[in-house]
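Survey of secondary and tertiary structure
Residue-level listing of the chains:
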Amino acid sequence: MKKYVFIITIILISCSVSMAVDNDIHIHGFISQGFLQTDHNQFIQNSENGTFQFNEMGLNFNTQITDDLHLGIQFFASDFGDIGNDKITVNFARASYYYRQWLSFHAGINKVAFGLHGDTRDLDMIRPTIFLPSGVYPESFRDCLNSAKGLEFRGNWRPTMPEFQDILGEFNYTIQCGIMDINKESGVGRVLAKAFHTDSEYSESDTAINMIFNWEPPVPGLRLIGQYAKFGYNLGGKTINDIFWQSRKEDALSDMAPTINPESISVTNIPVDYDGYIEEILFGFEYSWQDLVFSFEHVKHIHDFDITVDVLFLPDTTLPITVPFENNSVGFYYMFSYRHTDWLKFGAYYSVFYPNEEDKKGNGLGTNAGRPDYFAWQKDSCLSFRFDFNRNCSLKLEGHYLDGCAQLDDTVKIEPDEYFETNRYWYLFAAKISYNF
Amino acid sequence: MILVRKPHLKSFMAILLIWVLFGISVNESRCQEPVFIGSPDIFESTLTKNDIKDIFMGKKKKWAGGKAITLTVNDQADLQKNFTKAYLRKTPAQFINFWKYQIFVGNGNLPKFFTDENQLIDYIEKSEGAIGYISTEPSKEKNLRRFTVSD
C-alpha cells in the first residue's frame, strides 16, 4: 500500500511543484517494477514461484542557489524481497560548492562512489543490465553502502600544455569521508554475521574513507579506475551451534591448551564481539568504441577483526578470550554491452565471487565450514536485452546461469540444516520496466 | 540434490560477439559541423576542444569571469550525433545517459534540450552564460557570442 501512496505522491508533487515554481527547482524521478523467477534456490523470498517484490522509485529536487552553490535531495524507496520493503529513505541530500574544475566540495548525505557502476545501482535506466555483476557489486550491500553522511571532494585535472596532454591524458578523483548506517539488519550486517557464524544482536559503524581515482589515458575511449575504501565496524551477538565454532574450539585447544578436555568448554550460543575494519581495494577499466562498451573490474575485501568470545568453562565460569580473525573475499567480472539500434541494446557479463580467497574450491575451511562446497564460489553468466520505447521508458529481459551459491544466503536467511537442500546450478530470469522523467 | 547440466554458454557468447563485431554500423551520418554560440555576456571568444568536452560533460561549470555556465543541447539527431562523436567521444544515447546519471546522483541539473534550433538561439540570446551548438552560422541580427574552436 505504501508503494502506491508513494507513486501517487510522486506524480502529484511533480505536477503541482512544476507548475508552481517555474524552472527554479528541477524535479526528476523514476519508477521501475521488476519480476524475478528462479528454477531452484530462493534468490529472494518466493523467487522460485516468481515474485514482483523487486522495484525502485525515486524523486529528486535540484536547484542552483548561486553560480557556485547547488542543492539537491532525492527520496528513494525500493523492495528486494526482504530488503528495503519500500521504506522511504533519503538517497542524497547535499549542498555542492563548485570552486574550480579541479575542486568541488559536497556536504550532507552523499551517494557513495564505488567502482565504475556502484552509484548507478538504484538507477535502472542508466545501465544495460538489470543486475550489476554480483562478484563486485553484491545486491545485499545496496541498503547500507549506497549513501553516507559526511563530506565529498571531487575534481578533474589535465596538464595545460597540449604536448603533456597527449602523454598524460586526464585525471579525475573523488574523496569521500563519512559514516554509513550499517545496522545489524542491513546487507553488510547480515553478510558479516553469516561469515562469523553468529546471530547478531548489535552493530555499529565508524567513519569511512573512500578514494577513487580515474585516469583517462590518451587512448580514445579508455578509462582506468582504482579505488581504496576502509571503514571500521563492530558487530556482536551469540555464536551459532555449528561445525565452524566446534572446529575453532578444537584448533584453539590443540594450539594453546592440549591438556584441557574439550567437553568441559562450550563456545556455542555464547556472547561474541567483533571489532575491526573492512578494506576494499578495486581496480578495473572500461573501453568504449562507438556503441560497444567493454569493462572489467576486480575487487578484494579485507576483513580484519578481533573476536572476543566469552568462553564458557562448564558449568558456569566464563573467560573472555580475544583472537584475531582475517578473511579476504575477492570478486571480478568482465562485461560488454552493445547498442544495436536506438531501441535495442544488449549486454552480457561473466562475474565470479569467492567469499574466502583461501578456499576457492570449497574445502570447508574458515567461513565456509559446515556448508556445501559450492557455497565457496558463485559464478554468474548473464545475457541481457534492453528495449528502449523512448528516452524515458525501457524494458529489460535478462537470463542468468549460476554455478555456486556463495551469495545466496546474503539476501535470504538459510538455517544450518537447509544448506544441503540448495542446488549448485540454477537459473534466474529477470524482467524490469522502468520509467524516468 | 539436483544437478542441472551446464549449458554451452561460451559457444552462445562467442556467436553473440561475432554478431556484434560484424553488426557494428559503418554508416556515418551526414557530416554537419556544429557551430558554437553563447550568450553575449560571455567574455571568452575561443574555446579548445577540451573546454567544450569539459563544459558539456559538466566538469567545467563556470566561465572565466565566474558566471555559471548554462548548458543547452541541440536535439536534432544528425547534428547531435556529429557533436557528441567529434567532441565528447560518445554516442547521443551515451551522452543522455550520462546526464541522467548526473541528475540522479546529485551532480547537477539536466541541460535544456531544444528540438527547434530557432528556439535554442533565442534562449541563448536572452540567457546569462549560456552555450549551445547549432547547424549553421547564426544571423548577424542576433546578439550572440560566436565561439572559435581551437585544438
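Analysis parameters
- Residues numbered from 1 in each chain as written.
- Chains lettered and ligands numbered in written order.
- Predicted model: local features only at pLDDT ≥ 70, side-chain atom pairs only at ≥ 80, totals over all residues.
- Helix = DSSP H or I, 4+ residues; strand = E, 2+ residues; numbered from the N terminus.
- Rg over C-alpha atoms; globule rule 2.2 N^0.38 Å.
- Buried ≥ 20, exposed ≤ 12 C-beta atoms within 10 Å, placed from the backbone.
- Contact = placed C-beta atoms within 7 Å.
- Pairing = 2+ DSSP bridges.
- Nonpolar A, V, L, I, M, F, W, Y, C, P; charged D, E, K, R; others polar.
- Expected span 1.5 Å × (residues − 1).
- Axes fitted to C-alpha atoms, helices over the stretch in contact; angles between N-to-C directions.

Once that is clear, we can look at the overall build of chain A. A count of helical and extended segments in chain A gives six helices and 17 strands. In terms of C-alpha radius of gyration, chain A reaches 24 Å, essentially the compact-globule figure of 22 Å for 437 residues. Along the longest, intermediate and shortest principal axes, the C-alpha atoms of chain A span 75 × 50 × 45 Å. Buried residues in chain A amount to 42% of all 437 residues. Here the analysis covers contacts within chain A between residues at least 6 apart in sequence; of these, 64% occur between residues at least 24 apart.

The next thing to look at is the environment of Arg424 of chain A. Residues and elements named next belong to chain A. Looking at the secondary structure, you find Arg424 in the loop between α6 (408-411) and β17 (425-436). By C-beta crowding, Arg424 is classed as buried, having 21 other C-beta atoms within 10 Å. Placed 50 residues apart in sequence, Arg424 and Tyr374 show a C-alpha to C-alpha distance of 6.0 Å.

This next bit is on the pairing of strand β1 (residues 35-38) of chain B. Residue and element names in this part refer to chain B. As paired strands, β1 and strand β5 (residues 130-134) are joined by four bridges and run antiparallel to one another. The residue bridging Phe36 from the neighbouring strand is Tyr133, located in β5. Note: β1 against strand β6 (residues 145-146), two bridges, orientation antiparallel. Counterpart to Gly38 in the pairing with β6 is Arg145.

The subject of this paragraph is the interface of chain B and chain A. The partner chain A presents 39 residues to the 35 residues of chain B that form the contact. Secondary structure elements with two or more residues in the side of chain B that touches chain A: α1 (9-23), α2 (49-56) and α4 (92-104) of chain B. Looking at which element gives the most residues to the side of chain B that touches chain A, the answer is α4 of chain B, with seven residues. Here the side of chain B that touches chain A is composed, by residue class, of 18 nonpolar, eight polar and nine charged.

All names here are of chain B. Helix length check: helix α3 (residues 77-88), at twelve residues, gives a terminal C-alpha distance of 15 Å against a target of 16 Å (1.5 Å per residue), a fit within 8%. Among all positions in α3, only Leu79, Gln80, Asn82, Phe83, Thr84 and Tyr87 are buried. On its buried side, α3 packs onto α2, β3 (70-74), α4 and β5.

So, about the sheet that holds strand β4 (residues 112-114) of chain B. For sheets, the rule is that strands pair by backbone hydrogen bonds, running either parallel or antiparallel. All names here are of chain B. In space, the five strands of this open sheet follow the order β4-β3-β5-β1-β6, with mixed pairing throughout. Of all strands in the sheet, those with a lone pairing partner are β4 and β6, marking the two edges. Pairing between β3 and β5: two bridges, direction parallel. From the neighbouring strand, Leu71 faces β5, where its bridge partner is Ile131. Along the sheet face, helix α5 (residues 117-126) touches β1, β3, β4 and β5 and points at about 155 degrees away from the line of β5.

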